[in-house]
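# Coordinate analysis (summary)
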Amino acid sequence: MDKVSYEVVDSIGVITVNNPPVNALSHAVRVGIQDAIRAAQDDASKAVLIICEGRTFIAGADISEFGKPPREPYFPDLFNEIEASEKLMIAAIHGTALGGGFELTLACHYRIALESAKVGLPEIKLGLFPGAGGTQRVPRLAGVPAALDLMGSGNPIAVSQAVDLGLVDKIVSEDLRDSAIAYAKQLLADDAPLRRASELDVEPVEDSLFDDYRTQFSKRARGQIAPLKMLEAIQAATTMSFADGQAKERELFVELMHGPQSTALRHVFFAERLAARISGFPRDVVDRPIESVGIIGGGTMGGGIAMSFANAGFQVTLLEIDEEALARGLSIVDKNYAGSVKRGKLSEEKAAACRGRIDGVTDYEELAGADLVIEAVFEDPELKKDIFKRLDEACKPGAILATNTSYQDVDAIAAATNRPEDCLGMHFFSPAHIMKLLEVVRGDKTADDVLSTVMALGKKIRKVPVMSRVCYGFIGNRMLGPYFREAQLCLIEGGIPEGVDAALYDFGMAMGPISVGDLAGLDVGYKARQVLAEDQRGDPRAYRVPDALVEAGRLGQKSGAGFYRYDPETRRKSFDPEVMEIIEREADALGIERLPIDADEIVDRLIFSLVNEGFRVLEEGIAQRPSDIDVVYVYGYGFPAWRGGPMYYADAVGLDRVLERIKEFRDRFGEENWSPAPMLEKLVATNTTIAEWAASK
Ligand code: T1G
Ligand code: NAD
C-alpha cells in the first residue's frame, strides 16, 4: 500500500497521506509527497491540497528514524519546495498536526482545519525543538512570544486559538476533504496570493523578552539544554534572513538530535508505549466494560482517584466510613477542583461537570452495580482484607476489585474473597489526580481479562500504566527502600539535609530525598517500623534520626517541621539547627565519626542502590522489562526524563563502572547493603548492556 497517493479532483490536486497509526513523516512519506508535488507542478491542477487518512494529520517526524543516517528529501528542503510551489498549497488538518506535521502545514500557503483538531510543536518533550523551519516560520506568522510559548511548553493548542494566532486560516465542522477542495477553489476564485511565511518579516521584540524566557525555561526545564537552544534558534529569526536562520536552526537541531538528553527522552517516549503491553499475553482477551467506579476511603488518595475517573467521564461513587468522614473527603475534592479552576487547568463548567459525576455514600449496597471498586483506606492489611470480604458480598459478579495499597500483599488481600481472579492492585501516586503513573499489580490469580481491562483503563484516565508482580512495595516503593536508606546513611555519616537534597536535586531529581520524606510524612515510616521487631527494622543508622524527629513531634510538612522547618504561610522550608543537634546526638550514640561526604558520592550511593535493586526486581520478574522501571521512576518518582530513568542511566554510565562503584561501596560499607545483583554481574561479565539484554528477550 502506497503511503502517499495523488489525484486531481475537480481541478484540485489532492495529495493523501496514509501511514497508520499517526501518519508519521517517515522517509517513504517524504518521498511520496515530493513526487506528488512535482507531478502537480506540471499537471492540470490549479491548486494542491495535502490531507491525511486515518485518525490524525501528520503527528510529526517518524521518531523511530531518529539517530539513523538522515535520508533525502530532508525536512527543510521538502518544506521549502512546498512553499516555493507556483500553485497554491493548502493543508487540511484533522486530529493532531504535531511537530514536523505542523511545520509542513506552515510551509503551505493556507491552512484549513476541522474544529476538533489541535496543532502543536512537542519536540521539546523529546529534547529537541522544531527542526524543519518551525523556529523561523512561526515567529513570522504568529510573533516571537507565541513561538516561545508554543515551542517552550510543547503542548498542543485548539485550532480556534491557532486562528487567533494567525497559524490557521479556516475552520470547518465536518467533511474536511470536500470543504478543503471548496476552500481551494474559493481561494482561486478570490485570486489569493502565494502567501509564503518565509517572506514575512518578524515583528521586532526587546532582547529582554529572551532573557525572561531564558530564566523561565531554566527553572521549568531544569538541567535541559533543548529549551535554550530553541530560544537561540528563534532569536536567529529576529536577526537573520530566513535562509540563514534556517541554517542556524539546523545546526542547533542536529547537535541536540545526537546528544544524550534527546536520546534519553526518545527512550522514555517509546518505553511509555511499550509499558502498556503485557509480554506473551493472549491476543484474544476481551476487556470487561467499565462505566461506573466505586472508591472506598476518601482520604488523600481516594479523593484524587475519584477525580481521575470523573475527569475522564466515569460515574464515581465514593464510600467513606461515616457521614463526617465523607463530608471531609468531598470537601478535599471540592478544594482540588477549585484549585484547578483557579490555576486555569479546568474551566468552571468542566469542573462542575466532573464534580457532578462523584456521589458520596456510606452504604456498601450503593456499590452493588459498580463495574470496578478501588479500595484506598488506611495501610492496614487486616482492614483491607475485611473490606474485600464486604465487597465480595456486596458487588455484582464480574466486578473488578482493586486495592491502592502501597506495599501490602495483594494476593493475601485477594484471598479474603471468593473471587481472587477478579482482584488486583491499582497503585496510584500522590496527588492521584495529577501524578501520571499507575502501577497495575498482577496477583497470582488475577484473570487475563481483568489485567487487560485495567491496563487499557489506565490510558483512558490519562495515566501511564505499568504492570508489576506482587512483592513488598512492587517496583517503585521496593526500589525506593535502598535509595532512602542511603540518604539517611549519608546524612548520619557526615551530610546535612540541604547537602543530601542538593546533590540529588542537581542530578535532576524533582525533589531531594530528605524533602520527599518530609512531604510524605515521617510518621508513615515510623508507624510501619513500630509494628516490626527491632531486628526486622534493618540498619538502625538508617532510621534512628527520622525516629528521633518523630518522637520530637517533627512529622514533616504536615506538622510544620521535620528535617526542615516550614513557614506556615508560604510552606517555604528552612534550615533548622535543632535537627543537626539530633543528627549529631544519634551519630554519637551509634559511635559514628561524622566526616565530610561529597555530592558525587551521595548521588552514586543513592542512584546505584536504586539500580542494584532494579536488577533484583528484573531477576525476580516483578517488572517485565528494564524500560518499565524507567517509566515508573520518571512518572512516579521525579527521576529526570532527560536521563532516561535509572536503568537507562546505568547503561549510559556503563554497567562495568556501576558494578565497580557498587563493589567499592560493598568493601567500605558491607555486603548487607551492597551485594551486587547477580544479573548486573552477569551482564558485565558478558559485556552486555541492559538494552541489548532487553532486546534479546
Ligand atoms: N513517530 C513514530 N511513531 C509514533 C509517533 C512518531 N512521531 N507518534 C506516535 N507513534 C506511534 C507510537 O509509538 C504508538 O506505537 C502509536 O504510534 C500510537 O501512539 C522535524 C523532529 C500523536 C498524540 O512528538 O504525541 O517532528 O506503541 O500510543 O495516545 O521538527 O503519539 O502502537 O507501536 O501515543 O493516541 C514530533 C508524538 C516528532 C508526537 C497520539 N511529534 N506522538 O497519541 O497514541 S519530532 C511528536 C504523540 C518532529 C520535526 C521534529 C502521540 C499522539 P505503538 P500513541 P495516542
Ligand atoms: P488517608 O489516611 O488519607 O485516608 C484513608 C481514608 O480511609 C480515611 O478518610 C478514612 O476515613 C477511610 N477509611 C478508613 N477505614 C475505612 C472503612 N472501613 N471504610 C471506608 N473508609 C475507611 O490515607 P491515604 O494516604 O489516602 O492512603 C490510602 C491508601 O493508599 C493506603 O493503603 C496507602 O498506603 C495508599 N497510598 C498512599 C499514598 C500517599 O502518598 N498517601 C500513595 C499511594 C498509595
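My aim in this report is to walk through the structure given alongside it, one point at a time. Remember, predicted model here, so these are calculated numbers, not experimental data. (Residues numbered from 1 in each chain as written. Chains lettered and ligands numbered in written order. Predicted model: local features only at pLDDT ≥ 70, side-chain atom pairs only at ≥ 80, totals over all residues. Heavy atoms only, no water.)

Once that is clear, we can look at the site of ligand 2. For ligand 2, the set of nearby residues contains 23 residues, the closest of which are Met301, Glu320, Glu379, Lys384 and Ser406. Here an oxygen atom of ligand 2 sits 2.5 Å away from a polar atom, N or O, in the side chain of Glu379. Between ligand 2 and the protein, one listed contact pairs an oxygen atom with a side-chain N or O atom of Lys384 at 2.7 Å. Per-element accounting of the shell around ligand 2 gives the leading share, three residues, to helix H15 (residues 381-394). Partitioning the shell around ligand 2 into residue classes produces 10 nonpolar, nine polar and four charged. (Near = heavy atom within 4 Å. Polar contact = N/O pair within 3.5 Å; in protein donor to acceptor, adjacent residues only side chain to side chain. Helix = DSSP H or I, 4+ residues; strand = E, 2+ residues; numbered from the N terminus. Nonpolar A, V, L, I, M, F, W, Y, C, P; charged D, E, K, R; others polar.)

Each pair of aromatic rings is reported with the distance of its centres and the angle of its planes. In total, this model carries 14 aromatic pairs according to the counting rule given. Between Phe429 and Tyr637, the ring centres sit 5.4 Å apart and the planes meet at 75°, which makes this aromatic pair edge-to-face. Of this pair, Phe429 sits in the loop between strand S15 (423-428) and strand S16 (437-442) while Tyr637 sits in the loop between helix H25 (626-636) and helix H26 (646-653), placing them 208 residues apart in sequence. Residue classification places Phe429 among the buried positions, given a relative accessible area of 7%. (Phe/Tyr/Trp six-rings, centres within 6.5 Å; stacked < 30°, edge-to-face > 60°. Buried < 20%, exposed > 50% of the residue type's maximum accessible area, 1.4 Å probe, protein only.)

Moving on: the pairing of strand S6 (residues 110-114). Along S6, five of the five residues are buried, which leaves the element largely enclosed by surrounding structure. The two faces of S6 match: Tyr110, Ile112 and Leu114 on one face and Arg111 and Ala113 on the other face are all buried. Relative to S6, strand S4 (residues 88-93) runs parallel, the two sharing four bridges. When the bridges of S6 are listed, Ala91 appears paired with Arg111. Two strands pair when backbone bridges link them, and S6 and strand S9 (residues 170-172) are joined in this way by three bridges, in the parallel orientation. The residue of S9 that forms the bridge with Ala113 is Ile171. (Pairing = 2+ DSSP bridges.)

Checked against the element boundaries, Leu610 lands in helix H24 (residues 599-619). When the C-alpha positions of Leu610 and Tyr483 are compared, they lie 5.5 Å apart, and in sequence the two are 127 residues distant. When neighbours within four sequence positions are excluded, Leu610 is seen to be in contact with Met479, Leu480, Tyr483, Tyr633 and Pro646. (Contact = heavy atoms within 4.5 Å.)

Moving on, we come to unusual backbone geometry. Leaving glycine aside, a negative phi is the common case for residues, and trans is the common case for peptide bonds. Here the amide bond leading from Pro20 into Pro21 is cis, since omega sits at 10°, within 30 degrees of zero. Inspection of the secondary structure puts Pro21 in the loop between strand S2 (12-17) and helix H1 (27-42). Residue Pro73 is bonded to the preceding Glu72 through a cis peptide linkage, with omega at -5°. Structurally, Pro73 is set in the loop between strand S3 (47-52) and helix H2 (75-84). Residue Asp10 is not a glycine yet carries a positive backbone phi of 55°. In this structure, Asp10 sits in the loop between strand S1 (4-9) and S2. Notably, Ser11 is not glycine yet its phi reads approximately 75°, a positive angle.

Below, the discussion takes up the packing of helix H5 (residues 144-153) against helix H9 (residues 226-239). Following both chains from N to C, one finds H5 and H9 inclined at 160°, their axes separated by 11 Å at the closest point. One way to sum up the angle between H5 and H9 is to call them roughly antiparallel. Considering the relative orientation of H5 and H9, their crossing is right-handed. On H9, the residues that touch Val144, Ala147, Leu148, Met151 and Gly152 of H5 are Met230, Leu231, Ile234 and Thr238. (Axes fitted to C-alpha atoms, helices over the stretch in contact; angles between N-to-C directions. Parallel < 35°, antiparallel > 145°, perpendicular 65-115°, else oblique. Left-handed = near helix turned anticlockwise from the far one by under 90°.)

Let us now look at the sheet that holds S3. Reading across from one edge, S1-S2-S3-S4-S6-S9 is the order of the six strands in this open sheet, with mixed pairing throughout. The open sheet has two edge strands with one neighbour each: S1 and S9. Strand after strand, the sheet turns through a mean of 20° between neighbouring axes, direction not considered. Where H1 meets the sheet, it contacts S1, S2, S3 and S4, and its direction lies at approximately 25° from that of S1.

Let's shift gears to the site of ligand 1. Lining the immediate surroundings of ligand 1 are 26 residues, of which Arg55, Ala61, Gly100, Glu103 and Arg273 lie closest. In this structure, a nitrogen atom belonging to ligand 1 sits 2.8 Å away from a main-chain N or O atom of Ala61. For ligand 1, whose free accessible area comes to 1,000 Å², the fraction covered by protein is 76%. Listing elements by their share of the shell around ligand 1, those giving two or more residues are helix H3 (100-107) and helix H11 (260-274). Top element by residues in the shell around ligand 1 is H11. It accounts for three residues. Of the residues contributing to the shell around ligand 1, the split by class is 15 nonpolar, four polar and seven charged. (Areas by Shrake-Rupley, 256 points an atom, 1.4 Å probe, with all protein chains shown as cover.)

We now examine a negative patch on the surface. On the surface, Glu115, Glu174, Asp175 and Asp178 cluster together to form a negatively charged patch. Structurally, the position occupied by Asp178 is in helix H7 (residues 176-189). Asp178 sits in the exposed class, given a relative accessible area of 51%. (Patch = residues over 30% accessible without salt bridge, like charges linked within 9 Å, V, L, I, M, F, W, Y side chains within 5 Å. Salt bridge = Lys/Arg side-chain N within 4 Å of Asp/Glu carboxyl O. Lys, Arg positive; Asp, Glu negative; His and termini not counted. Charge placed at Lys NZ, Arg CZ, Asp CG, Glu CD.)

Over its 21 residues, H24 runs 30 Å from end to end, which matches the ideal 30 Å to within 8%, given 1.5 Å per residue. The buried fraction of H24 is high, at 18 of 21 residues. At the N-terminal boundary of H24, the capping side chain belongs to Asp598, with an oxygen 3.1 Å from the backbone nitrogen of Asp600. The first or second residue beyond H24 is Gly621, which carries a positive phi of 70°. (Expected span 1.5 Å × (residues − 1).)

A word on the pattern of salt bridges. Any two side chains of opposite charge can pair, so long as their charged atoms come close to each other. If you walk through the whole model with that rule in mind, you get 47 salt bridges. Here Arg442 and Asp448 are joined by a salt bridge, their closest N and O atoms 3.3 Å apart. Glu578 is the salt-bridge partner of Arg554, the closest N and O atoms lying 3.5 Å from each other. Here Arg554, found in the loop between helix H22 (544-551) and strand S18 (565-566), pairs with Glu578, found in helix H23 (residues 577-589); they are 24 residues apart in sequence, far enough to count as distant. Connected through shared salt-bridge partners, Arg485, Glu486, Glu493, Glu601, Asp604, Arg605, Arg657, Arg661, Glu664 and Arg668 make up one network.

The analysis is restricted to geometry; functional conclusions fall outside its scope.
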